[in-house]
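Breakdown of the fold
Residue strings, one per chain:
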Amino acid sequence: MKNDIIQIEITDITPEGFGVGRNNGKVVFVADTAVGDIITAKILKETKSHSFGKVLEILTPSPCRIDSKCPVSAKCGGCCFSHISYEAELKLKQNFVKQAFARIGGMDIKVNETRFDKSEAYRNKVQYPFGRGDSQKCIFGYYARNSHRIVQHESCLLQDSVFTEIASFVSKTAERLFIKAYDEESARGVLRHIVMRKNRKGEISVCFVVFENHKKLSILAEEIKKEFPQIVGIHINLNKRKDNVIFGDETFCILGSETLTDTLCGKIFEISPRAFYQVNAEMAEQLYNHAKSLIHTEKEGKVILDLYCGTGTIGLCIASDKDKLCGVEIIADAVENAKKNALLNGRSQENTLFVCGDASLGVEECKKTFGKPDVIIVDPPRKGLDKAVIETVAKSEVKQVVYISCDPATLARDCGIFFQFGYTATEATPFDLFPRTGHVETVVLLERTDSAI
Ligand code: SAH
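Before going into details, it helps to say that this report is about the structure given with it. Each chain carries its own residue numbering, running from 1 in the direction its sequence is written. In keeping with the model being predicted, local features are shown solely for residues with a pLDDT of at least 70 and side-chain atom pairs are shown and tallied solely at 80 or more, while totals for entire chains, interfaces and linings include all residues. Water and hydrogen atoms were dropped before computing side-chain values, which therefore reflect all heavy atoms in the structure.

**A short note on the overall build of the protein**
To keep it simple, the criterion reads: The way it works is that DSSP assigns letters per residue, a run of H or I at least four long becomes a helix, a run of E at least two long becomes a strand, and they are numbered from the N terminus. Only C-alpha atoms enter the radius of gyration; for comparison, a globular chain is expected to reach 2.2 Å times N to the power 0.38, where N is the number of residues. Exposure is judged per residue with a 1.4 Å probe applied to protein chains only, and the accessible area is read against the type maximum: over 50% gives exposed, under 20% gives buried, and values in between give partly exposed. Every residue pair with non-hydrogen atoms within 4.5 Å of one another is taken to be in contact. For every accessible area listed, the method is Shrake-Rupley and the probe measures 1.4 Å; residues are considered covered only by the protein chains on display. His is not counted, nor are the chain ends; Lys and Arg add positive charge and Asp and Glu add negative charge. Working definition for charges: the position is that of NZ of Lys, CZ of Arg, CG of Asp or CD of Glu.
Secondary structure assignment for the protein yields 9 helices and 25 strands. Relative to the compact-globule value of 22 Å for 453 residues, the protein shows a C-alpha radius of gyration of 23 Å, a close match. Along the first, second and third principal axes, the C-alpha atoms of the protein reach 65 × 60 × 35 Å. Taken across its 453 residues, the protein has 54% of its residues classed as buried. Within the protein, counting contacts between residues at least 6 apart in sequence, those at least 24 apart form 64% of the total. A total accessible area of about 20800 Å² is found for the protein, and carbon and sulfur atoms account for 50% of it. Each charge class in the protein can be summarised by its mean position, and for the 60 positive and 60 negative side chains these summaries are 3 Å apart.

Have a look at this one:
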């Protein structure tokens, strides 16, 4: 019952970072715990099937517990694994993928060890919400878990300190210029978010997401450019929405360059503020190289279809000059980036096509220009593939589908559907692109069997 004090052992962790224990047979979820912890917890909320508790005391700590290096980790919703060793986190992530395949996909496939690189300072993109603190002061930080309360901080271990320095400078300068932070409750004010991206050379692009334009934003832009000369472009995105979506539809550049240029797998990429780009460049390279290694057709000039292609990164990193590459993506700015990126990387126009549209149109678009695809790469958002996409992919009779996923649950569900269409997979490889958080990327090769319908 609510407010009960119970003693439990934590036996599992969910991908959201909740420890799982049992009290009289009923599942209890408790944040900030680790497998092996024996704790006393207070029940905060109870439903028919499970309850949520809060740790009161750790009676016996788990062997994988460490002291978090972050002073705000207990409040901030950004990380959920900063209190366990990184080694234990990698095992957990491998296990998330195994469990998803077993429970959701009903499949027993081999899940390799989680591939990793560094566990700190890996993020090349940061998006901070602004809000109003004491006496209406402009503050920034990350949201507390399951809330829109901003947890302020002076540094974050997951990213370069320059991001916090810029945000801090912006909030102070905005105060001085009387540019107010947006207030969600009253739906008033200007500054909603600051979104920053850094390339491997250290150049930075900044985008202010604002509720309404303000004549002093250009002064703010000039002042931050003066203080941080590594900023190469400053943008405004107008967002009048009242929901949680960060970006609105209109983006324009107010200073410097429209795009930021970065390199991945030796290729050059121009990226607009709205376009998707992997936040962990080192691990993205590992992931793309692995995806490439899975493709095993010797055919000269094979046809590769890259669905959910963003700025074209995967296809352009994987395709040889002779291959025919078709990419499909829903965000128009990203498609424009992809077309430009193809040119920047010297691809011939005859062998390259990027289309703006829904992924379900991909096979048709590819067939019109290059014929049937030999390989299809899919890299959808967390919600996974729509059934229509799986159907068009499977019906194209493509022999190899490389599925890159950021959510093991939807990956396992979709692989289950591919299996019904006669595809098989033997192994999955997790990649830790987001250390200290519950997220994990996974790559699976699906192959068409002879018995496919
Ligand atoms: N493959 C890219 C991007 C992957 S993120 C990379 O590695 O950088 C997923 C991408 O899918 C995003 O760019 C998003 O804009 C796009 N997307 C989302 N829904 C889509 C849809 N229905 N059809 C096509 N693309 C979609």
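Resuming the write-up.
**Observations regarding the site of the ligand**
Put simply, the test is: Throughout, near means a residue has at least one heavy atom within 4 Å of the molecule or strand. Residues adjacent in sequence count toward polar contacts only when both atoms are side-chain atoms; beyond that, a polar contact is any pair of N or O atoms within 3.5 Å, and within protein one must be able to donate a hydrogen and the other to accept it. Basically, the charged four are Asp, Glu, Lys and Arg, the nonpolar ten are Ala, Val, Leu, Ile, Met, Phe, Trp, Tyr, Cys and Pro, and anything else, Gly included, counts as polar.
As a structural note, the neighbourhood of the ligand is formed by 16 residues, with Tyr288, Glu329, Asp358, Ala359 and Asp379 the closest of them. Between the ligand and Ile330, the relevant distance is 3.3 Å, taken from a nitrogen atom to a main-chain nitrogen or oxygen of the residue. Within the contact set of the ligand, a nitrogen atom lies 2.9 Å away from a backbone nitrogen or oxygen of Ala359. If the ligand stood free it would expose 580 Å²; the protein chains cover 88% of that surface. Of the residues that constitute the shell around the ligand, the class distribution is 9 nonpolar, 4 polar and 3 charged.

**So, the pattern of salt bridges**
As a reminder, the rule being used: A pairing counts as a salt bridge when a side-chain nitrogen of Lys or Arg comes within 4 Å of a carboxyl oxygen of Asp or Glu.
Counted under the stated rule, the structure contains 26 salt bridges. Of the charged contacts in the structure, one is a salt bridge between Glu365 and Lys368, with a shortest N-O distance of 3.5 Å. Of this pair, Glu365 and Lys368 both sit in helix H7 (residues 362-370), 3 residues apart, which is roughly one turn of that helix. Two residues, Asp407 and Arg382, come together in a salt bridge whose shortest N-O distance is 3.8 Å. Of this pair, Asp407 sits in the loop between strand S22 (400-405) and helix H9 (408-420) while Arg382 sits in the loop between strand S21 (375-378) and helix H8 (387-395), placing them 25 residues apart in sequence. The exposure class assigned to Arg382 is partly exposed, which follows from its relative accessible area of 40%. If you follow the salt bridges from partner to partner, you end up with Glu89, Lys93, Asp432 and Arg436 in one network.

That is the geometry; function is a separate question.
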